[in-house]
Amino acid sequence: MNYWVMKSEPDTFSIDDLKRKKREAWDGVRNYQARNFMRDGMRVGDGVFFYHSNCAEPGIAGIAEVATDAYPDPSQFDPKSQYFDPGSSRDNPRWMLVDVKFVKKLTRVITLKELQAQPNLTDMALVRKGNRLSVMPVTAAEWRAILALE
DNA sequence: GCCAACGTTGGC
DNA sequence: GCCAACGTTGGC
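Residues numbered from 1 in each chain as written. Chains lettered and ligands numbered in written order. Predicted model: local features only at pLDDT ≥ 70, side-chain atom pairs only at ≥ 80, totals over all residues. Heavy atoms only, no water.

In the region of DNA strand B, the neighbouring residues are N31, Y32, K129, G130 and R132. A share of 71% is what sugar and phosphate atoms reach among the atoms of DNA strand B within 4 Å of the protein. One nitrogen or oxygen atom from the side chain of K129 is found 3.5 Å from a phosphate oxygen belonging to DNA strand B. Interatomic distance of 2.7 Å between a side-chain N/O atom of R132 and a base oxygen of DNA strand B. Class assignment for the residues of the surface near DNA strand B results in 1 nonpolar, 2 polar and 2 charged. (Near = heavy atom within 4 Å. Polar contact = N/O pair within 3.5 Å; in protein donor to acceptor, adjacent residues only side chain to side chain. Nonpolar A, V, L, I, M, F, W, Y, C, P; charged D, E, K, R; others polar.)

Take a look at the structure:
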């Protein structure tokens, strides 16, 4: 069982959207490191912090769960999609994704500011300046420490 | 909207 | 293979 944080801009897809839809294919990831985490690291049942980025109150807004193994992101084959990748093929897909299912919305957003203020979380990739990865691993200790803040 | 950080692209 | 130019992310 591993833990992850996945970022989404709430204007595009928020924890409330996931709550309403119950489940979502996490498409559009076009970063190799993030893809590798989904493809090689994620297993069904892994815990996911749903992080709101690029918004008024950036932070962890809810909990989700990995619902599938990785499979090819269909949007890479769709010429009409903003995520279309002409360099990818069905025989040799470049981009993978997982489905994520809603677990719960936190009673409040645990803000980035708050996470940065935790002495035991200073090593966490998420809180380090300039980290733009949209999918990152979280240790079990970090997972517990963050849940305890709610 | 600004800009720092950083990944990607492409000329050489 | 180097690295400048460029594009994107995301906090502020």
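Those places that UniProt annotates as "domain: EVE" (unreviewed entry) correspond, in this numbering, to residues 2-148. In residues 2-148, the share of helix is 20% and the share of strand is 30%. The end C-alpha atoms are 18 Å apart. (UniProt positions renumbered as here; feature names shortened; annotations may be inferred. Helix = DSSP H or I, 4+ residues; strand = E, 2+ residues; numbered from the N terminus.)

The next subject is the protein's contact with DNA strand C. If you check the shell around DNA strand C, you find K7, Y51, S53, N54, P58, L112, R132 and L133 and nothing else. The sugar-phosphate share of atoms of DNA strand C within 4 Å of the protein amounts to 65%. Between DNA strand C and Y51, the relevant distance is 2.7 Å, taken from a phosphate oxygen to a side-chain nitrogen or oxygen of the residue.

On to the packing of aromatic side chains, then. Summed over all chains, the structure comprises 6 aromatic pairs. Judged by centre distance (5.6 Å) and plane angle (80°), the rings of W26 and F50 are edge-to-face. Taken as a pair, W26 in the loop between β2 (23-25) and α2 (32-41) and F50 in strand β3 (residues 47-52) lie far apart in primary sequence, 24 residues in all. The same class applies to W26 as to F50, namely buried. Counting every residue linked through ring pairs, the aromatic cluster contains Y3, F49 and W143. (Phe/Tyr/Trp six-rings, centres within 6.5 Å; stacked < 30°, edge-to-face > 60°. Buried < 20%, exposed > 50% of the residue type's maximum accessible area, 1.4 Å probe, protein only.)

On to the nonpolar core, then. Counting residues in each nonpolar core, the largest one holds 39 residues, and the members touching the most others are M6, I60 and L115. Look past the residues within four positions of M6 in its chain and what remains in contact with it is W26, M38, M42, V48, F49, F50, Y51, V98, V100, S134 and V135. (Core = buried A, V, L, I, M, F, W, Y, C linked by side-chain atoms within 4.5 Å. Contact = heavy atoms within 4.5 Å.)

Further remarks concern the pairing of strand β4 (residues 59-66). Across a regular strand the side chains alternate sides, sitting on one face of the sheet and then on the other. Of all 8 residues making up β4, 7 are buried, and the element is well covered by its neighbours. Alignment of β3 against β4, held across 6 bridges, turns out to be antiparallel. Each residue of the ladder has a partner; that of H52, found in β4, is G59. Between β3 and β4, which pair antiparallel and follow one another directly, the connecting turn spans 6 residues, one of which, N54, has a positive phi of 55°. In this sheet, strand β7 (residues 99-111) lies alongside β4 in antiparallel orientation, the contact comprising 7 bridges. The partner of V66 across the bridge, within β7, is V100. (Pairing = 2+ DSSP bridges.)

A few words on α2. Every buried residue of α2 is accounted for by A34, R35, M38 and G41. Elements that come into contact with the buried residues of α2 comprise β1 (3-8), β6 (96-97) and β8 (135-138). Two or three places before Q33, at the start of α2, stands the capping residue N31, its side-chain oxygen 3.0 Å from that residue's backbone nitrogen.

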